[in-house]
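Structural characterization, general
Each chain, written out:
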Amino acid sequence: MRNPRAFLRPLAVGAPAPVAEVPFRPSRMIHFFDPSNEKMAAKVPDIAKKVDIILGNLEDAVKTEKKEAARQGLVEIAKATDFGDTQLWTRVNSLDSPWVLDDLVTLVTEIGHKLDVIMVPKVEGAQDIHYVDRLLAQLEARAGLERPILVHAILETAEGVANVEEIAGASPRMQGISLGPADLAASRRMKTTRVGGGHPGYLVRQDPTGDDLTQGRTTYQQDLWHYTIARMVDACAANDILPFYGPFGDIKDVVACEDQFRNAFLLGCVGAWSLHPVQIDIAKRVFSPAPEDVAHAKRVVEAMGDGSGAVMIDGKMEDDASCKQCLVMLDLARALAERDPELAAAYDL
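Residues numbered from 1 in each chain as written. Predicted model: local features only at pLDDT ≥ 70, side-chain atom pairs only at ≥ 80, totals over all residues. Heavy atoms only, no water.

Our next topic: the pattern of salt bridges. Scanning the model with the defined rule gives 17 salt bridges in all. K122 is the partner of D60 in a salt bridge, and the nearest nitrogen-oxygen pair spans 3.2 Å. Of this pair, D60 sits in the loop between β2 (53–57) and α2 (67–80) while K122 sits in the loop between β4 (117–120) and α4 (126–143); the two residues are 62 residues apart in sequence, bridging distant segments of the chain. Taking relative accessible area as the criterion, K122 reaches 25% and is therefore assigned partly exposed. (Salt bridge = Lys/Arg side-chain N within 4 Å of Asp/Glu carboxyl O. Helix = DSSP H or I, 4+ residues; strand = E, 2+ residues; numbered from the N terminus. Buried < 20%, exposed > 50% of the residue type's maximum accessible area, 1.4 Å probe, protein only.)

This paragraph deals with helix α3 (residues 100–111). Residues three or four positions apart in an α-helix share a direction because the helix packs 3.6 residues into each turn. Its 12 residues give α3 an end-to-end C-alpha distance of 16 Å, which sits within 8% of 16 Å, the value for a rise of 1.5 Å per residue. Every buried residue belonging to α3 is among V100, D103, L104, L107, V108 and I111, and all of these are buried. Burial along α3 is one-sided: seen end-on, the buried residues are contained in an arc of 115 degrees. On its buried face, α3 sits against α2, β3 (87–91), β4 and α4. (Expected span 1.5 Å × (residues − 1). Arc of directions from axis to C-beta. Contact = heavy atoms within 4.5 Å.)

The buried fraction of strand β6 (residues 174–179) amounts to six of the six residues, a majority that puts the element mostly inside the structure. The pairing of β6 with strand β9 (residues 242–245) spans three bridges and is classified as parallel. Bridging across to β9, G176 finds its partner in L242. (Pairing = 2+ DSSP bridges.)

Attention now moves to empty space enclosed by the protein. With the rule as written, the count across this model stands at one cavity of 30 Å³ or more. Taken as a whole, the largest cavity spans an internal volume of roughly 80 Å³. Lining the largest cavity we find 16 residues, and of these R9, L11, P18, D133 and R173 sit closest to its centre. Residue classes in the lining of the largest cavity are distributed as 10 nonpolar, one polar and five charged. (1 Å grid on protein atoms, 1.4 Å probe; cavity = no way out; pocket = protein on both sides within 12 Å on 5 of 7 lines; lining within 4 Å. Points joined across faces, edges and corners; volume = space filled by probe spheres on them. Nonpolar A, V, L, I, M, F, W, Y, C, P; charged D, E, K, R; others polar.)

Where nonpolar side chains cluster on the molecular surface, the patch consists of V254, V255 and V278 and spans about 220 Å² of accessible area. Mapped onto the elements, V255 comes out in helix α9 (residues 254–267). For V255, a relative accessible area of 57% puts it in the exposed group. (Patch = residues over 30% accessible without salt bridge, like charges linked within 9 Å, V, L, I, M, F, W, Y side chains within 5 Å. Areas by Shrake-Rupley, 256 points an atom, 1.4 Å probe, with all protein chains shown as cover.)

Moving on: the packing of aromatic side chains. For the structure on display, the rule yields five aromatic pairs. Ring geometry for F261 versus F287: centroids 6.0 Å apart, planes at 50 degrees, classification tilted. Here F261 is found in helix α9, whereas its partner F287 is found in the loop between α10 (277–286) and α11 (291–304), with 26 residues between them in sequence. The class for F261 is buried, based on a relative accessible area of 0%. Note on F287: relative accessible area 1%, which makes it buried. Each member of the aromatic cluster is reached from another via a ring pair, and the members are Y245, F261, F265 and F287. Its end group placed over the ring of W99, K67 keeps NZ or CZ at 5.1 Å from the ring centre. (Phe/Tyr/Trp six-rings, centres within 6.5 Å; stacked < 30°, edge-to-face > 60°. Lys NZ or Arg CZ within 6 Å of the ring centre and 35° of its normal.)

Structure representation (structure tokens):
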């Protein structure tokens with residue numbers, strides 16, 4: 001057991017001190033791009049203006065022969081681009097791959113001053129975070145960085161889900177966790193080939209109303225990922241880090257994508273991955289509270305005063321717990337309003 005007072009001390013001589021609190025910035029979408037793809041790379045400066053987080057992907061979506069080109073491409077893009085208020089992240093290769101060490105060494109020493117977060121795939125336990133934590137501290141010291149790079153874990157193995165609480169609390173570098181449904185489905189031996197979203201075979205059926213068991217029985221499709229997202233959200237909330245929904249692979253099905261993102265938002269996720277520009281607007285819309293919800297939250301907080309007691313608003317009882325829920329909504333709305341002039345006008349905060 002590590003001394004809790006040592007938790008906020010640098011893990012390497014000359015490394016920046018760890019953060020005491022994860023900075024919350026608007027994080028409605030993590031938009032992925034392949035730095036080895038010249039067409040995608042050319043669009044980065046324009047796309048960066050439209051998203052909260054832009055991520056240079058070095059892992060699964062990049063072919064083996066393109067790994068080094070992707071790494072070098074990210075270095076060149078980062079050096080040449082002014083990202084403004086948009087966060088720059090990267091997803092490195094998995095810790096058991098032959099590329100991850102070069103990923104970390106190159107990126108931290110070359111562009112560490114621009115990187116906000118490093119996403120680590122297939123994290124299975126605290127030991128994976130401890131390894132990255134120490135290595136990053138050594139590289140930050142070498143590069144003379146003044147602030148630490150944070151770490152984001154992807155939950156995509158059964159072992160990772162079983163250890164999600166210890167992963168969330170493994171290091172003060174932990175920024176958050178994303179659900180990785182495709183690899184997780186394979187790890188669990190789930191019988192679905194979809195990347196996120198529901199499945200028509202995962203359902204409940206209405207009870208029969210008579211002797212005929214085949215007629216008039218409505219079915220309701222269920223969410224394959226409800227349990228895992230809820231457990232991930234609890235682990236993140238308990239450790240003051242941020243939960244994210246991961247990818248939704250059916251780019252054409254914008255309706256189901258929006259449904260899945262909204263389920264995650266309602267459960268407590270702060271954002272989701274966007275794999276295609278069409279998903280950027282979906283994430284922006286879903287993970288921004290509706291103006292009418294913000295207006296209601298304002299009314300409740302104003303009526304509650306110091307938050308004690310109970311009041312009746314529109315025929316509904318509002319009390320201390322209601323006020324806390326509304327404060328969560330207002331805090332998010334204020335953070336988004338600072339970044340988005342349209343939302344600032346709509347929220348009237």
